[in-house]
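Architecture and fold: a report
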Amino acid sequence: MMDPEVSVLLHCAHWHGLLESQVQVELSERFNRQTDLALERHIDEVWTKRVSKEPWLFNGAKFRLHSFCLADPQNPPSTPLSHGTIFHHTEDQINQGQRDLGEIHNRCISQTENAEGASNHDYREFNGIADKLPPHPAPLLSLRLGLTCYKDYLGTNWSCGVAKLRQRGEAEFGDPLMLLAQPLGVGAILCTSNGQVVMIRRSQKVAEAGGLLDIPGGHPEPKAVCERLGQRVCEEQIGIAMMERKPEAIVSELFSSVCAEIRDEVNIPLSSLGPPVLMGVALNHTSAGRPSAEFYVSCSLSSDEVRKLYWKGGVEASESTEVVFVSRTDVLQLDRSSPLWSELCPSAKGAVLLYQTVKPDVVPDQRGRGDAKLTPPHAHKKTD
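Just so it is clear, the structure is predicted and the values come from calculations on it, not from any experiment.

Notes on the environment of Ser67
Note that Ser67 resides in strand β3 (residues 61-71). The class for Ser67 is buried, based on a relative accessible area of 0%. Here the alpha-carbon distance between Ser67 and Leu145, two residues 78 residues apart in the chain, equals 7.4 Å. Of the polar contacts made by the side chain of Ser67, one reaches the side chain of His66; its length is 2.7 Å.

If you want it as structure tokens, here you go:
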């Protein structure tokens, strides 16, 4: 299924998703966006105008997704099964990568190619390889991250001059996305104990996709990582040096942040949520290919119980106006011909595409073998 608003950068279908222990992060200034004085002035101008109209806007630090590496944990990290530098893989480079790295089992195409594909509805992927792989434990996914912020996101990805920024990035760095913020978001396909997927209708007051149906989601927060490491700083003081020696804390924030968003937006206690399963990364082409890590999260509560909690109101209750339940069966069958599809915002579409591809609700101890056996959503006890 093709949709010009969204595409999939990475999926983990062969393993039905990855758990927190199977993901690692490399944080480095090398993965930050490039800039110059002219671009910084432009970003400042955009931010000043937006804040004058929306004084409640907050410039928080965000993680920037640069690329990923998917490796077999039974082999050294230097021998990845597949990898994706998001910015400028050409078709020849990808083909060479297939020859050099052997069997690539995943969709590993560049964000640049996805953006170009979006214009002509041509999304390319590598097929027919996963079935040839012998059974083995799930791979280790390494996400290469830099730092960015919401202000930079509005001044680059959401700028009216984003096309020129892409042209400059290509001309000056060989990477169309090198000047863009590309903050990494998170989202969750949340499934209740009676097989209902939880969606929320976005308020008309939110900055993006007002009035459309969405999944619970947000961003992993660098500030939360710093606080977890005992460093209390304001957003403007956050730097890579504070976190790069403890990358496991960033992974923890990536996985825990999606549960925190569910708690805050839907008012479900953390103790009722299962462990997040990373399905992959989707790209939102309405914001220049912004990436979002999409998860599957089970819930031990029924849809009726969730509805009652939602209407009691959570921390971020003002961001949505109603809760909507769609059966798991219907979500798996959703396509562009479905009336519901046009009601979904891009982030929800990306998560649905990954859910249909990865089918993450499998028996946990079978996950590494790629079995397709389903299990009802289960409770995973956590402390709030």
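Notes on unusual backbone geometry
In this structure, Gln182 is a non-glycine residue whose phi angle is positive, near 50 degrees. Secondary-structure assignment places Gln182 in the loop between α5 (162-173) and β6 (185-191). Judged by its relative accessible area of 0%, Gln182 is buried. One non-glycine residue, Lys359, lies in positive phi territory at about 50 degrees. When you line up the elements, Lys359 lands in the segment after α10 (346-358).

Details of the pairing of strand β2 (residues 23-27)
Judged by which residues are buried, β2 turns out to be one-sided: Val23, Val25 and Leu27 face inward and are buried, whereas Gln24 and Glu26, on the alternate face, are not. Relative to strand β5 (residues 140-149), β2 runs parallel, the two sharing five bridges. Among the inter-strand pairings, Val25 is bridged to a residue of β5, identified as Leu143.

With respect to the packing of aromatic side chains
Applying the stated criterion to the full structure yields five aromatic pairs. When the centroid spacing of 6.0 Å and the interplanar angle of 40 degrees are considered together, the rings of Tyr150 and Tyr153 count as tilted. Of this pair, Tyr150 and Tyr153 both sit in helix α4 (residues 150-155), separated by three residues, roughly a single helical turn. Neither Tyr150 nor Tyr153 differs from the other in exposure class; each is buried. Arranged with centres 5.1 Å apart and planes meeting at 75 degrees, the rings of Phe255 and Phe295 form a pair that is edge-to-face. Taken together, the positions of Phe255 in helix α7 (residues 247-266) and Phe295 in strand β11 (residues 290-298) put the pair 40 residues apart, joining distant regions of the chain. This pair shows no difference in class: Phe255 is buried, exactly as Phe295 is. Connected via pairs of aromatic rings, a cluster forms that spans Trp47, Tyr150 and Tyr153.

Side note on the state of the cysteines
Tallied over the full model, the rule gives zero disulfides. Free cysteine Cys191: the closest other cysteine sulfur is in Cys299, separated by 8.9 Å. What makes Cys191 buried here is its relative accessible area of 1%.

So, the nonpolar core
Ranked by size, the top nonpolar core spans 53 residues in total, and within it Leu141, Leu143, Leu145, Met243, Ile268, Leu273 and Phe295 carry the most contacts. Looking at this core element by element, the count peaks at nine residues for α7. Filtering out sequence-adjacent residues up to four positions away, Ile268 remains in contact with Leu190, Ile262, Arg263, Leu273, Cys299, Leu301, Val306 and Leu309. Judged by nonpolar contacts, the second largest core, of 28 residues, contains Leu213, Ala282, Ala348 and Leu353.

Conventions and cut-offs
- Residues numbered from 1 in each chain as written.
- Predicted model: local features only at pLDDT ≥ 70, side-chain atom pairs only at ≥ 80, totals over all residues.
- Heavy atoms only, no water.
- Helix = DSSP H or I, 4+ residues; strand = E, 2+ residues; numbered from the N terminus.
- Buried < 20%, exposed > 50% of the residue type's maximum accessible area, 1.4 Å probe, protein only.
- Polar contact = N/O pair within 3.5 Å; in protein donor to acceptor, adjacent residues only side chain to side chain.
- Pairing = 2+ DSSP bridges.
- Phe/Tyr/Trp six-rings, centres within 6.5 Å; stacked < 30°, edge-to-face > 60°.
- Disulfide = S-S within 2.5 Å.
- Core = buried A, V, L, I, M, F, W, Y, C linked by side-chain atoms within 4.5 Å.
- Contact = heavy atoms within 4.5 Å.

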